[in-house]
Amino acid sequence: MRAAVLHKTGQDTLDVREDVTAVGFRRGSVRVRMRAASLCHSDLSAMNGVLPQPAPFVPGHEGAGDVVEVAEGVTGFAVGDRVVLCWMAPCGRCDHCAKDRGHLCVASLRRLGAPGFRIEEGGVIASGFYGTGAFADEVVVSANALIKIPADLPYEAAALIGCGVTTGIGAAVNTAKVEPGASVAVIGAGGVGIATVQGARVCGAGRITVVDPVASRRERALDFGATEAIAPDDLKAVAKKLPGGGFDYVFEAVGRAATVRAGYDAARRGGAVVVIGAGAQDDLAEFTMGELFFNEKRLLPSLYGGATVGRTVALVVDLWRAGRIDLDGMITHRVGLADVNEAIAQMRSGEALRTVVTMD
Ligand SMILES: [Zn+2]
Ligand SMILES: [Zn+2]
């Protein structure tokens, strides 16, 4: 079977090989024939080392496919089920899982370098990014890393739900709980930012201001429910004019300390800054104790939708079915697995909102 391998951290292209096998099929695991995977910014961050993932590995963590084999001890999945991958697989036993906060379970991250694939030439073992590795014809994952979806949900739209869309919509609905009429700013108009815009719209936000340095991305945000789109330099002035002197909610979908800081400054006193972007371990955000206390602005980090992932996915599927969110429109490019490096180039240039890689 085929898989796209990153041999060394820091390489900027993937090696699409045909001599790879998915390994690790044992009690509790499921074999999935991948159909579509979309490229998320975190894949690039793992490739360049900003996010930890021991190489060699197969990137891709936003993916959808079909169950083709179920091992002993697995309940709830059968051959033929359509599924999305969940890159933070809840163990079901820890305190977070017991308290219905499965998105905070770190059991899967402890297995970051666990074998997922074998390259026949040289017998090299590669892991799958965050326990998945969606840029492959087949993956073997723990049953906990799968979420069943309806058979009429197209694979391409389903792939988006595996990470970015669930993250963005969950941040608005679960973490911020945006109220009708609220003023919202979203910093960053990539896939997660656009999903957040859609989540804020579903919540009934009165004003949704998208902040992005790239004009074409600002324009695109208007198609998804943003009421205005501005350049970063204009954020301060726009925020100041709002009643209360700032936004009720500012979502940071970039993953940088500087934009979290800009978001904090653009939130009204008592407002909230929702931190969604996946940033680096050594990027330090600074706040004074005086301002934290006096302004009563809330810092609300939101990981993978801010609630048990399966539940957020079910919500997203319902919203899609009701026509209240646009997933198809988020797919700006499509390539086959053999051309996965094109998808990477498109994301690096900022041209693609989401490129879907198909495994046909
Ligand atoms: Zn757990
Ligand atoms: Zn992602």
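So, here is what we can say about the structure in this document. Quick caveat, the model's predicted, so the values are computed rather than measured. (Residues numbered from 1 in each chain as written. Chains lettered and ligands numbered in written order. Predicted model: local features only at pLDDT ≥ 70, side-chain atom pairs only at ≥ 80, totals over all residues. Heavy atoms only, no water.)

1. A few points about the overall build of the chain
For step 1, the next point in the chain: What the chain contains, in helices and strands, is eleven helices and 19 strands.
For step 2, the next point in the chain: Its C-alpha atoms give the chain a radius of gyration of 20 Å, within 12% of the compact-globule value 21 Å for 360 residues.
For step 3, the next point in the chain: Overall, the chain is about 60 × 40 × 40 Å in size when its C-alpha atoms are taken along their principal axes.
For step 4, the next point in the chain: Per-residue burial for the chain yields a buried fraction of 56% across its 360 residues.
For step 5, the next point in the chain: Relative to all contacts within the chain whose residues are 6 or more apart in sequence, the contacts with residues 24 or more apart total 70%.
For step 6, the next point in the chain: As displayed, the chain offers around 14900 Å² of accessible surface, 52% of which is attributable to carbon and sulfur atoms.
For step 7, the next point in the chain: Counting 37 positive and 40 negative side-chain charges, the chain places the averaged centre of each group 6 Å from the other. (Helix = DSSP H or I, 4+ residues; strand = E, 2+ residues; numbered from the N terminus. Rg over C-alpha atoms; globule rule 2.2 N^0.38 Å. Buried < 20%, exposed > 50% of the residue type's maximum accessible area, 1.4 Å probe, protein only. Contact = heavy atoms within 4.5 Å. Areas by Shrake-Rupley, 256 points an atom, 1.4 Å probe, with all protein chains shown as cover. Lys, Arg positive; Asp, Glu negative; His and termini not counted. Charge placed at Lys NZ, Arg CZ, Asp CG, Glu CD.)

2. A short note on the coordination of the zinc ion (ligand 2)
Ideal geometry at a metal centre: 109.5 degrees between donors when four sit tetrahedrally, and 90 or 180 degrees when six sit octahedrally.
For step 1, the next point in the chain: Every protein donor of the zinc ion (ligand 2) is listed here as Cys-40 (SG), His-61 (NE2) and Cys-163 (SG), and their distances to the metal cover 2.1 to 2.2 Å.
For step 2, the next point in the chain: Ordering the donors of the zinc ion (ligand 2) by residue number gives the pattern C-x20-H-x101-C. Of this pair, Cys-40 sits in the loop between strand 4 (29-38) and helix 1 (41-47) while Cys-163 sits in the loop between helix 3 (155-161) and helix 4 (164-176), placing them 123 residues apart in sequence. A single burial state applies to Cys-40 and to Cys-163, both of which are buried. (Donors = N, O, S within 2.8 Å, 3.2 Å for Na, K, Ca; no water.)

3. Side note on helix 8 (residues 257-266)
For step 1, the next point in the chain: Among the residues making up helix 8, those that are buried are Ala-257, Thr-259, Val-260, Gly-263, Tyr-264 and Ala-266.
For step 2, the next point in the chain: On the buried face of helix 8, the contacting elements are strand 12 (183-187), helix 7 (235-241), strand 15 (247-252), strand 16 (267-275), helix 9 (289-295) and strand 17 (298-301).

4. Thoughts on unusual backbone geometry
Most peptide bonds take the trans form, and the phi angle of most residues other than glycine is negative.
For step 1, the next point in the chain: Looking along the chain, the bond that leaves Ala-55 and enters Pro-56 is cis, with omega of 0°.
For step 2, the next point in the chain: Looking at the secondary structure, you find Pro-56 in the loop between helix 1 and strand 5 (57-58).
For step 3, the next point in the chain: Positive phi is not limited to glycine here, since Tyr-130 has a value of about 45°.
For step 4, the next point in the chain: Since its relative accessible area comes to 13%, Tyr-130 is described here as buried.
For step 5, the next point in the chain: A positive phi angle, near 50°, is found at Lys-177, a position not held by glycine.
For step 6, the next point in the chain: On the secondary structure map, Lys-177 appears in the loop between helix 4 and strand 12.

5. Describing the sheet that holds strand 16
For step 1, the next point in the chain: What the six strands build is an open sheet, ordered 14-13-12-15-16-17; its pairing is parallel. Strand pairing shows two members of the sheet lacking a second neighbour, strand 14 (228-230) and strand 17, which therefore form its edges. On average, adjacent strands in this sheet sit at an angle of 20° to one another, irrespective of strand direction.
For step 2, the next point in the chain: Bridge analysis of strand 15 against strand 16 gives five bridges, and the strand direction is parallel. (Pairing = 2+ DSSP bridges. Axes fitted to C-alpha atoms, helices over the stretch in contact; angles between N-to-C directions.)

6. Considering the coordination of the zinc ion (ligand 1)
For step 1, the next point in the chain: All of the protein donors around the zinc ion (ligand 1) are Cys-91 (SG), Cys-94 (SG), Cys-97 (SG) and Cys-105 (SG); their distances to the metal are 2.3 to 2.4 Å.
For step 2, the next point in the chain: If you list the donors of the zinc ion (ligand 1) from N- to C-terminus, the spacing comes out as C-x2-C-x2-C-x7-C.
For step 3, the next point in the chain: Given the relative accessible area of 0%, Cys-105 is considered buried.

7. Here we look at the side chain of Thr-175
For step 1, the next point in the chain: Assignment of secondary structure puts Thr-175 in helix 4.
For step 2, the next point in the chain: A relative accessible area of 18% places Thr-175 in the buried class.
For step 3, the next point in the chain: Within the structure, Thr-175 has its side chain in polar contact with the side chain of Ser-302 (distance 2.7 Å).
For step 4, the next point in the chain: Residues in contact with Thr-175, not counting those within four places in the same chain, are Gly-170, Val-274, Leu-300, Pro-301, Ser-302, Gly-305 and Gly-306. (Polar contact = N/O pair within 3.5 Å; in protein donor to acceptor, adjacent residues only side chain to side chain.)

8. Remarks on the packing of helix 4 against helix 5 (residues 191-203)
For step 1, the next point in the chain: The N-to-C vectors of helix 4 and helix 5 enclose an angle of 40°; their axes lie 7 Å apart at closest approach. Relative to helix 5, the element helix 4 is oriented oblique. Relative to helix 5, helix 4 is oriented so that their crossing is right-handed. Contacts between helix 4 and helix 5 involve Gly-164, Val-165, Thr-167, Gly-168, Ile-169, Ala-172 and Val-173 on the former and, on the latter, Val-192, Ala-195, Thr-196, Gly-199, Ala-200 and Cys-203.
For step 2, the next point in the chain: Among the residues forming the contact of helix 4 with helix 5, the class breakdown is eight nonpolar, five polar and no charged. (Parallel < 35°, antiparallel > 145°, perpendicular 65-115°, else oblique. Left-handed = near helix turned anticlockwise from the far one by under 90°. Nonpolar A, V, L, I, M, F, W, Y, C, P; charged D, E, K, R; others polar.)

9. Quick notes on a nonpolar patch on the surface
For step 1, the next point in the chain: There is a patch of nonpolar side chains on the surface, built from Met-289, Leu-292 and Leu-299 and spanning about 280 Å² of accessible area.
For step 2, the next point in the chain: Here Leu-299 is to be found in strand 17. (Patch = residues over 30% accessible without salt bridge, like charges linked within 9 Å, V, L, I, M, F, W, Y side chains within 5 Å. Salt bridge = Lys/Arg side-chain N within 4 Å of Asp/Glu carboxyl O.)

10. Overview of the packing of helix 4 against helix 10 (residues 309-321)
For step 1, the next point in the chain: Running from N to C, helix 4 and helix 10 point in directions that differ by 95°, and their axes come no closer than 10 Å. The angle between helix 4 and helix 10 places the two elements in the roughly perpendicular class. Here Val-165, Thr-166, Ile-169, Gly-170, Val-173 and Asn-174 of helix 4 lie close against helix 10, whose contacting residues are Val-309, Thr-312, Val-313, Leu-315, Val-316 and Leu-319.
For step 2, the next point in the chain: Residue classes in the contact of helix 4 with helix 10 are distributed as eight nonpolar, four polar and no charged.

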